[in-house]
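# Architecture at a glance
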Amino acid sequence: MSSLPKSDDLIFFVNGRKVIEKAANPEVNLLFYLRKNLHLTGTKYGCGGGGCGACTVMVSRFNPKTNKIRHYPATACLVPICSLHGAAVTTVEGVGSIKTRIHPVQERLAKCHGTQCGFCSPGMVMSIYTLLRNHPEPTPEQITEAIGGNLCRCTGYRTIVESGKTFCGASTVCQMKGSGKCCMDQEERSFENNQEKICTKLYNEDEFQPLDPTQEPIFPPELIRMAEAPNKRRLTFQGERTTWITPVTLDDALELKASFPEAPLIMGNTAEGPSMKFRDAFHPVLISPLGLPELHFVNTTDDGVTIGAGYSLAQLNDVLLSIVSDQPKEKTKTYRALLKHLRTLAGAQIRNMATLGGHVVSRPYFSDLNPILAAGNATINLTSKEGERQIPLNGPYLERLPEADLKSEEIVLSVSIPYSTQWHFVSGLRQAQRQENAFAIVNAGMSVKFEDGTNIIKELKMFYGSVGTTTVSASQTCKQLIGRPWDDHMLSDACRLVLDEIYIPPGAEGGMVAYRRALIISLLFKFYLKVRRGLKKMDPEKFPDIPEEFMSVLEDFPIETPQGLEMFQCVDPNQSPQDPIGRPIMHQSALKHATGEAVYVDDMPPFSQELFLAVVTSTRAHAKIISIDSSEALTLPGVVDVITAEDVPGDNNHQGEILYAQDEVICVGQIVCTVAADTYAHAREAAKKVKITYEDIEPRIITIEQALEHNSFLSAEKKIEKGDVDQAFKNVDQIIEGEVHVEGQEHFYMETQTVLAVPKVEDKEMVLYLGTQFPTRVQEFVAAALNIPRNRIACHMRRAGGAFGGKVTKPSLLGAISAVAAYKTGRPIRFILERRDDILITAGRHPLLGKYKVGFMNNGVIKAADVEYYTNGGCTPDESELVVEFIVLKSETAYNIPNFRCRGRPCKTNLPSNTAFRGFGFPQVSVVAETYITAVASECNLPPEEVKEINMYKRINKTAYKQTFNPEPLRRCWKECLEKSSFHARKLAAEEFNKRNYWKKRGLAVVPMKYSAGVPMAYYLQAAALVHIYLDGTVLVTHGGCELGQGLNTKMIQVASRELNIPESYIHLSETSTIVVPNASFTAGSMGADINGKAVQNACQILMTRLRPIIKKNPNGKWEDWITKAFQESISLSTTGYFKGYQTHMDWKKEEGEPFPYYIYGASCSEVEVDCLTGAHKLLRTDIFVDAAFSINPALDIGQIEGAFIQGMGLYTIEELKYSPEGVLYSRGPDEYKIPTVTEIPEEFYVTLLRSQNPIAIYSSKGLGEAGMFLGSSVLFAIKDAVTAARRERGLTKTFTLNSPATPELIRMTCVDQFTDMIPKDDPSTFTPWSIHVS
Ligand SMILES: Cc1cc2nc3c(=O)[nH]c(=O)nc-3n(C[C@H](O)[C@H](O)[C@H](O)COP(=O)(O)OP(=O)(O)OC[C@H]3O[C@@H](n4cnc5c(N)ncnc54)[C@H](O)[C@@H]3O)c2cc1C
Ligand code: FES
Ligand code: FES
């Protein structure tokens, strides 16, 4: 390497400004560079692997050959800065700013309520902005496609899509699909039998600035000159460990490849980047031929098309689209198959970065394109110093057989994809956990050629992905079927043969073995049907068609742009226009979210001498620590210290929660030590070098079943009983017993846990900045860990990028860990959990096992239920006991069962400690109740909704724990939901559909909800606020609640505005801090606005009482005059406000109490369509009715309901945590753990807030943060309804249980048929499964 010249200057533009980097490090990515070097913190870190879209930027490049500028979205975390020489980057700061001008994209996202926590918002803005740069008037489909690679955990996407749709032509904006009337025409509507005026507009589009594409910044002319310069030369960037070389010509590239045959070519970096980052691949030399014109061309001949290897997958898509529109259908079958997969492969950003060459060379085992390219007889055109040659992109190549591979000095120039021919069929098939942006569980490319005019197989090709370590060819099967006619006999032999040939061992990596085997033949069957249909079209006389009821399964579910309508109460027309209560006010920080100017903890500028912390976590579930050797780590550059349990001056174990493992580890992922270094990269590298030796300890308890065997619990049993359960069982017609498993859930807040701990010089003070739901607890843990009083610890919290319960308890541990490091090193500590560490360490929702015994009459009336619940609490107490109390209290849900016994207990296992999560046990327990109600219906041969109605609470009553309540709003929600969703008519229509379709089934379900807000401990419901009025009349409000995206601060401003009778613009809310409001409760349990609102109201009312005499004396004066006068009269203009809390209580000995201040009622109805062959489902429509009493802010409340519903839907359908039998969590990032994206949300989505009374709460409102979670289970039960229809048709009439989540795997394997019957059954005693369920 000594012969390499020293570094060149790296030149690129960011937001119109030239960046000259003299010491470009090839290992640094654009995200890091933007945030740390350029201090542009609007671009966010969410995962670091291209999977979340939080870091989306626009990259623009000029092509001197075509004289065109290409703008494309890219995930900055995968863009090496060295690849940007000559490019222009636009970040969210370059799009618009509050300080200068907000861009229409930003304005509309904010005003359409498309931001909640705001952490995903800059990425969303950049995806839509880039689309508009290329298509100023896009179609709704393009909007949906543009944000398919952007995750949002808060909003549920509908509002984001809606903001994007405002740029579409007017004709596309209609929200009322099929109703014949556009909702936009309707100013207001009225409910029948009710005088309430109902509004449907949450924003006013008249306020929007128009989009003027001529106002966009121009591409820097200097970069055009650079691109056109005749005498370009090779560029070299020399980093600490790596050299980056950008060749100037193809010959130069070949020269380099010959000199450095092991060096990868960095093209899109979407394969190499993740492998260097997550799998520790290291390359001393990187070669980047991305810009070489020889790799960017399209050549169409009579045989097909040849496409340059440097084309991105998005460009490939455009090329294929244009060929498909020009050429006859029979020639373009391969291209159409590729186009289908290109639509769902990753998200738009990755498709724009990843190249065709990179794809065919990296050959991921899950590749969606290679199986089709191979089936379509594609060839790879190679070049090297030795000359050019062609190799087939076939089975041996994909299976990486050396004789079929490219040589290390060769470069792929292009890929040739031939046209298909007349008696030739090509298809691509795939199934993934999620429709878009998810690796395939199994995919396939298949082609068959027939002897002309016949159905006799001349050539057959079948390639499968995700069934082994490479794409696999079923070549033997194909060979044996040559000469056979394409008929049912051939199919049945083909299934048998292919199952033999492509063998997935029972313990195979990736798990889902039976499912994957079933998919192998189910996809084959789909191909078989498609080809039969194709033959029929070719010669209708000769070839019989497939049965009519098989037709619908030929097509995959389309990706539709979601539509919706939201309905809520209008404010009283007599209400003062200045009074914001009841109005859909935009989130206080929405514009800052959309411009990237909202500051999250890691956006804060560095403190002098700051150090970064990286964690070393346990790799064993239960083991003795024999030794910790940090000697090598300590010698590495930049490393300052390694911190262990020995360094904790105070409590290392506070309330059973352990900071650093000491002597033994009790779960995989437990923090053993941390490394403090000058950069995060140094800290991380050193952390890898810490050597820990362990000795396993028995028992190792991972599952609830194992915990029950070992009698391992975190706390005592909690029980509620009413009536005489045992007696009642003696007098019923039928009794059923069963078990339901509900797996856990990862919070997946977009901002990972982040702490800044700053030690002060004096008096042992420590200041912490974090995104938490409970600053008081952080203060407590830090004080305990440092052994200093709490009055020295200041915790500041401005906002969190989502929390959902995951930031109630965990930040206190992480805060204490940071504080100990800050204390020991005497330097500020920045501790940002990487996504993979965050998911591993902080755990999530409790997995639950429910066991039930239910006695009922033949008419569906349930007389008795005896239910037991066990949760998997993990290794420490956390909030597991409280979660179980909630489970037991809430377990009756909306049903009045006269004899009811419920018991619950949290199990202690060797998993990371599970914690609070939105709904706090209710989303799990309610599924069990709905399951046994549905089972009763099935046994009585009655529709589930009828049995639900029969057993639902109907009039003022007492709960099982004897709290009186009035379920009238529950009845109203239920009735409205059934009526307005046309449930019964649609159910009939679904039944009709099911009769006409064998492989696709529709299902509907409606679920009622009685959700209790708050907590049984009154002291947790107290709140305080501090309100200052300054002499210019402006007001500063501080309270103890935390802004997590739910809009708490916005509501508090609304409250202060009404109480002080001043415009919102006078009121400011800055941060939450333990030094302003002490001892504040957590912000959780849907109580944030309730309790803090009362405290703010109280403070404002105190101030108004003081001001009233002054106002009385000068009633026509202005607010400012009164304030000046008050000051002159020495009246205090500052006060605290206080709310003692709702007086809730629970006596567990007596099994009674008033644990909850009030109930929230609701109902939701969902309709799905299920593909029985693959297990895919599509959510066609959801109607939600929630009793909001009086909504303080309908936009925020509807946002909470929709967001929670989608999060709930994720819990019940696609979100799946995978653990090894040894307790290792595999699913630690967006690649493995799938939260819903925009493609999962209902095609039609209607949300209505119903009005009722709730005098106990502020302005008669209700806390709606959590309730929507459970409503997502209507999707689970709709799936169950559809699966029931499929099973019935196959003769399976017995009641069955569908556990949660109803993943594609579970759906497919429950739709038992001739294909699942063919799957060999493995003897469980002969292998160890790759993953296990822990519920
Ligand atoms: C978040 C994410 C989601 C994804 N989802 C999917 C998905 O759903 N389906 C799917 O099929 N794929 C998916 N992928 C994989 C993606 O398709 C591949 O990573 C991509 O196609 C690789 O192309 P690249 O240009 O980025 O390759 P790079 O990472 O730049 O290079 C990969 C390798 O190819 C070699 N190489 C590149 N070009 C050439 C050339 N011209 N000649 C010789 N060697 C070359 C390099 O030496 C290197 O070793 C996903 C990737 C990410 C990051
Ligand atoms: S941080 Fe880049 S995609 Fe997630
Ligand atoms: S608003 Fe999208 S992640 Fe919070």
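None of these values were measured; they are calculated from a predicted model.

This brings us to the overall build of the protein. From N to C terminus, the protein includes 39 helices and 50 strands. Whereas a compact globule of 1335 residues would reach a radius of gyration of roughly 34 Å, the protein reaches 31 Å, a difference of no more than 12%. Taking the principal axes of the C-alpha coordinates as reference, the protein spans close to 95 × 80 × 70 Å. Each of the 1335 residues in the protein was classed as buried or not, and the buried ones make up 64%. Look at the contacts in the protein between residues 6 or more apart in sequence, and 78% of them connect residues 24 or more apart. The averaged location of the 154 negative side-chain charges in the protein is 2 Å from the averaged location of its 141 positive side-chain charges.

Once that is clear, we can look at the packing of aromatic side chains. Within this structure, the stated rule accounts for 38 aromatic pairs. For the pair phenylalanine 922 and phenylalanine 1270, a centre-to-centre distance of 5.3 Å together with 70° between the ring planes defines the contact as edge-to-face. In this pair, phenylalanine 922 is assigned in helix H28 (residues 922-940) and phenylalanine 1270 in helix H36 (residues 1268-1271), connecting sequence segments 348 residues apart. Note that arginine 799 overlies the ring of tyrosine 600, its terminal NZ or CZ placed 5.6 Å from the centroid. Against the face of phenylalanine 1296 rests arginine 1287, its NZ or CZ located 4.5 Å from the ring centre.

Taken together, five strands build an open sheet; the order of strands is E2-E1-E5-E3-E4 and the sheet is mixed. Edge strands, defined here as strands with exactly one partner in the open sheet, are strand E2 (17-21) and strand E4 (68-75). Going from strand to strand, the sheet's axes swing by 30° on average, the running direction of each strand aside. The sheet contact formed by strand E1 (residues 10-14) and E2 spans five bridges and is antiparallel.

Before going further, it helps to spend a moment on the confidence of the model for the protein. Within the protein, residue pLDDT values average 96, and 98% of them lie at 70 or more. A low-confidence stretch, residues 171-194 (pLDDT under 50), is modelled with 45 contacts involving residues beyond four sequence positions or located in other chains.

As a further point, take the sheet that holds strand E42 (residues 1035-1039). Ordered in space as E43-E42-E41-E45, the four strands form an open sheet in which the pairing is mixed. The outermost strands of the open sheet, each flanked by one partner alone, are strand E43 (1067-1069) and strand E45 (1134-1139). Adjacent strand axes in the sheet meet at a mean angle of 25° when their direction is disregarded. Both strand E41 (residues 1023-1029) and E45 contribute to a ladder of six bridges, which runs antiparallel. Its bridge partner being in E45, histidine 1028 is matched across the sheet by serine 1134. Together, E42 and E43 form the strand contacts of helix H32 (residues 1048-1060), whose direction differs from that of E43 by roughly 150°. Against the sheet, helix H33 (residues 1088-1113) touches E41, E42 and E45, its axis set at about 140° to E45.

What follows covers the pattern of salt bridges. In this structure the tally under the stated criterion is 74 salt bridges. Measuring nitrogen to oxygen at the nearest pair gives 2.6 Å for the salt bridge that ties aspartate 252 to arginine 234. You can see aspartate 252 sitting in helix H8 (residues 250-259) and its partner arginine 234 sitting in the loop between helix H7 (221-228) and strand E8 (235-238), a full 18 residues away along the chain. The exposure class of aspartate 252 is buried, given its relative accessible area of 11%. Relative accessible area serves as the criterion here: at 28%, arginine 234 is assigned to the partly exposed category. Lysine 719 serves as the salt-bridge partner of glutamate 1151, at 2.9 Å between the closest nitrogen and oxygen. Of this pair, glutamate 1151 sits in the loop between strand E46 (1145-1147) and strand E47 (1152-1154) while lysine 719 sits in strand E29 (residues 718-722); the two residues are 432 residues apart in sequence, bridging distant segments of the chain.

Our focus in this paragraph is the state of the cysteines. The full count for this structure, using the stated rule, is one disulfide. Disulfide pairing places cysteine 199 opposite cysteine 570 at an S-S distance of 2.2 Å. Across the disulfide from cysteine 199 to cysteine 570, rotation about the S-S bond amounts to roughly 120°, and the bridge is consequently right-handed. Highlighted residues: cysteine 199 in strand E7 (residues 197-199) and cysteine 570 in the loop between strand E20 (563-569) and helix H19 (590-595), separated in sequence by 371 residues. By relative accessible area, cysteine 199 is classed as buried at 15%. Not engaged in a disulfide, the cysteine cysteine 478 finds its nearest cysteine sulfur in cysteine 495; these two sulfurs lie 12 Å apart. Looking at cysteine 478, the relative accessible area reads 4%, which means it is buried.

With that settled, consider the nonpolar core. With 264 residues, the main nonpolar core has Tyr464, Trp486, Tyr932 and Trp1119 as its most contacted residues. In terms of residues, this core owes the most to one element, helix H18 (residues 513-538), which gives 14 residues. Core analysis: the next-biggest nonpolar cluster, separate from the first, contains 72 residues, Ile81, Ala87, Ile372 and Ile391 among them.

The step from glutamate 698 to proline 699 runs through a cis peptide bond, and the omega angle for that step is -5°. Tracing the sequence through the fold places proline 699 in the loop between strand E28 (691-696) and helix H22 (704-709). Residue serine 982 is not a glycine yet carries a positive backbone phi of 50°. Topologically, serine 982 is positioned in the loop between helix H30 (968-980) and helix H31 (983-996). Even without glycine at this site, serine 1086 takes up a positive phi of about 65°. With respect to the helices, strands and loops of the structure, serine 1086 is situated in the loop between strand E44 (1072-1073) and H33.

A word on the site of ligand 1. Within the structure, ligand 1 sits among 32 residues, and Met267, Thr270, Glu272, Thr355 and Val412 are positioned closest to it. In this structure, an oxygen atom belonging to ligand 1 sits 2.8 Å away from a main-chain N or O atom of leucine 265. The contact in question runs from an oxygen atom of ligand 1 to an N or O atom on the side chain of glutamate 272, over 2.7 Å. Listing elements by their share of the shell around ligand 1, those giving two or more residues are helix H13 (356-362) and strand E15 (411-418). Of all the elements, H13 adds the most residues to the shell around ligand 1, at five residues. When its residues are assigned to classes, the shell around ligand 1 shows 17 nonpolar, twelve polar and three charged.

As a further point, take the packing of H28 against helix H29 (residues 944-951). At their nearest, the axes of H28 and H29 sit 8 Å apart, and the two run at 115° to each other. Looking at the two axes, H28 sits roughly perpendicular to H29. In this structure, H28 crosses over H29, and the sense of that crossing is right-handed. Of the residues in H29, those touching H28 at Glu930, Ile933, Thr934, Val936 and Ala937 are Pro944, Val947 and Lys948.

Moving on, we come to the packing of helix H17 (residues 488-501) against H18. Remark: H17 packs on H18, axes separated minimally by 10 Å, with the N-to-C direction vectors making an angle of 155°. For the element pair H17 / H18, the angle class is roughly antiparallel. Crossing handedness for the pair H17 and H18: right-handed. Residues Asp488, Met490, Leu491, Ala494, Cys495, Val498 and Leu499 of H17 lie in contact with H18, whose contacting residues are Arg517, Ile520, Ile521, Leu524, Phe525, Tyr528 and Arg532. Looking at the contact of H17 with H18, its residues break down into eleven nonpolar, no polar and three charged.

Its place among the elements puts lysine 1280 in helix H37 (residues 1273-1289). One buried charged residue, lysine 1280, remains without a salt bridge, the closest side chain of opposite sign being aspartate 1281 at 9.1 Å. Discounting chain neighbours no more than four positions away, the residues touching lysine 1280 are Thr934, Phe1296, Thr1297 and Leu1298.

Time to look at H32. Over its 13 residues, H32 runs 18 Å from end to end, which matches the ideal 18 Å to within 8%, given 1.5 Å per residue. Counted residue by residue, H32 has twelve buried out of 13 residues, so it is predominantly covered. All of the buried residues along H32 are Leu1048, Asn1049, Thr1050, Lys1051, Met1052, Ile1053, Gln1054, Val1055, Ala1056, Ser1057, Glu1059 and Leu1060. Here the buried face of H32 lies against E42, E43, H33, helix H34 (1119-1128) and helix H35 (1194-1213). Asparagine 1061 lies just past H32 and shows a positive phi near 60°.

Reading the values: the criteria
Sequence order as written defines the numbering, with residues in each chain counted from 1. Chains carry letters from A onward and ligands carry numbers from 1 onward, assigned in written order. Where local features are concerned, this predicted model is filtered to residues with pLDDT of at least 70; where side-chain atom pairs are given and counted, the filter is 80 or more; whole-chain, interface and lining totals use all residues. Calculation of side-chain values draws on the structure's entire complement of heavy atoms; hydrogens and water are dropped beforehand. Helix and strand assignments come from DSSP, with helices taken as H or I runs of at least 4 residues and strands as E runs of at least 2, each series counted from the N terminus. We take the radius of gyration over the C-alpha atoms and set the globule estimate at 2.2 Å times the residue count to the 0.38 power. Only protein chains enter the accessibility calculation, which uses a 1.4 Å probe; a residue is then buried when its area is under 20% of its type maximum, exposed when over 50%, and partly exposed in between. Any two residues having at least one pair of non-hydrogen atoms within 4.5 Å are treated as being in contact. The charge count includes Lys and Arg as positive and Asp and Glu as negative, but it does not include His or the ends of the chains. Note on charges: their place is set at NZ of Lys, CZ of Arg, CG of Asp or CD of Glu. Each Phe, Tyr or Trp ring (for Trp, its six-membered ring) is paired with any other whose centre lies within 6.5 Å, and the angle between the two planes then decides the class: stacked below 30 degrees, edge-to-face above 60, tilted in between. Look at NZ for Lys and CZ for Arg. If either is within 6 Å of the ring centre and within 35 degrees of the ring normal, a charge sits over the ring. Paired strands are those between which DSSP finds at least two bridges. Angles run from 0 to 180 degrees between N-to-C directions of axes, and those axes are lines fitted to C-alpha atoms, restricted for helices to the stretch in contact. pLDDT measures the predictor's confidence residue by residue and takes values from 0 up to 100. Here, a salt bridge means any side-chain nitrogen of Lys or Arg that lies within 4 Å of a carboxyl oxygen of Asp or Glu. Any two cysteine sulfur atoms within 2.5 Å of one another count as a disulfide. Only buried residues count toward a nonpolar core, which is a set of Ala, Val, Leu, Ile, Met, Phe, Trp, Tyr and Cys residues joined through side-chain atoms within 4.5 Å. Residues are classed as near a molecule or strand on a simple rule: at least one heavy atom within 4 Å of it. Whenever a nitrogen or oxygen atom comes within 3.5 Å of another N or O atom, the pair is scored as a polar contact, on the condition that within protein one atom can donate a hydrogen and the other can accept it, and that pairs from neighbouring residues in sequence are kept only if both atoms are in side chains. Three classes are used: nonpolar for Ala, Val, Leu, Ile, Met, Phe, Trp, Tyr, Cys and Pro, charged for Asp, Glu, Lys and Arg, and polar for all others, with Gly counted as polar. Should an angle fall under 35 degrees it is taken as roughly parallel, and over 145 as roughly antiparallel, whereas 65 to 115 is taken as roughly perpendicular and any remaining angle as oblique. Crossings are classed by handedness, with left-handed meaning an anticlockwise turn of the near helix from the far one by less than a right angle and right-handed meaning a clockwise turn. One less than the residue count of a helix, multiplied by 1.5 Å, gives the span that helix is expected to have.

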